[in-house]
Amino acid sequence: MNKYKINYYFEQGFLVSQIVESDSRENVIKDLIQEGIVEFTDEQNIYQIFNMKDIKLINVIVMEPDYQAAN
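Since the model is a prediction, treat every value here as computed from it, not as a measurement.

Caption draft 1: Here's a closer look at unusual backbone geometry. Phi at Gln12 takes a positive value of approximately 60 degrees, unusual for a residue other than glycine. Relative to the assigned elements, Gln12 resides in the loop between strand S1 (2-9) and strand S2 (15-22). Using a relative accessible area of 83% as the deciding quantity, one classes Gln12 as exposed. The phi torsion at Asn45 lies on the positive side, around 65 degrees, for a residue other than glycine. Residue classification places Asn45 among the exposed residues on the basis of a relative accessible area of 64%.

Caption draft 2: Region of the structure containing the sheet that holds S1. Strand order in the open sheet formed by three strands is S2-S1-S5, and the pairing between neighbours is antiparallel. Either end of the sheet is taken by a strand with one partner, and the two such strands are S2 and strand S5 (57-62). Across the sheet, the axes of successive neighbouring strands diverge by a mean angle of 20 degrees, strand direction being ignored. Examined bridge by bridge, S1 and S5 share six bridges and lie antiparallel to one another. Bridge pairing in S5 places Ile6 opposite Val60. This element, helix H1 (residues 25-34), spans S1, S2 and S5 of the sheet and lies at about 155 degrees to S5.

Caption draft 3: View of the nonpolar core. By size, the foremost hydrophobic cluster in this structure holds 14 residues, and its most contacted members are Ile6, Tyr8, Val28 and Phe50. Within the residue set of this core, elements represented by two or more residues are S1, S2, H1 and strand S3 (37-41). No other element matches the three residues that S1 contributes to this core. Those residues in contact with Phe50, other than ones at most four positions away along the chain, are Tyr8, Phe10, Val16, Gly36, Ile37, Val38, Phe40 and Ile55.

Caption draft 4: Structural detail: the side chain of Asp42. Examined against the element boundaries, Asp42 turns out to sit in the loop between S3 and strand S4 (47-51). For the buried Asp42, which has no salt bridge, the nearest side chain bearing the opposite charge is Lys5, at an N-O separation of 11 Å. A polar contact is formed between the side chain of Asp42 and the backbone nitrogen of Ile46, at a distance of 2.9 Å. A distance of 3.1 Å separates polar atoms of two side chains, one belonging to Asp42 and the other to Gln48.

Rules used in this analysis
Residues numbered from 1 in each chain as written. Predicted model: local features only at pLDDT ≥ 70, side-chain atom pairs only at ≥ 80, totals over all residues. Heavy atoms only, no water. Helix = DSSP H or I, 4+ residues; strand = E, 2+ residues; numbered from the N terminus. Buried < 20%, exposed > 50% of the residue type's maximum accessible area, 1.4 Å probe, protein only. Pairing = 2+ DSSP bridges. Axes fitted to C-alpha atoms, helices over the stretch in contact; angles between N-to-C directions. Contact = heavy atoms within 4.5 Å. Core = buried A, V, L, I, M, F, W, Y, C linked by side-chain atoms within 4.5 Å. Lys, Arg positive; Asp, Glu negative; His and termini not counted. Salt bridge = Lys/Arg side-chain N within 4 Å of Asp/Glu carboxyl O. Polar contact = N/O pair within 3.5 Å; in protein donor to acceptor, adjacent residues only side chain to side chain.

Below you can see the structure in the form of structure tokens.
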């Protein structure tokens, strides 16, 4: 399993990030397409919930193994 960082961009530069584990980036993207409401607790232990309709841009970044070990 690899770790991926998902960045959700809202209007006016507001950004929420989520770390997920998956076999592939394609699977992460497939899961995102199916979601209407997103909810998770982020790395700062803040509960996030929002509607995908409010998202303006999403990017999915593969996290490097050395970054994963450090965090």
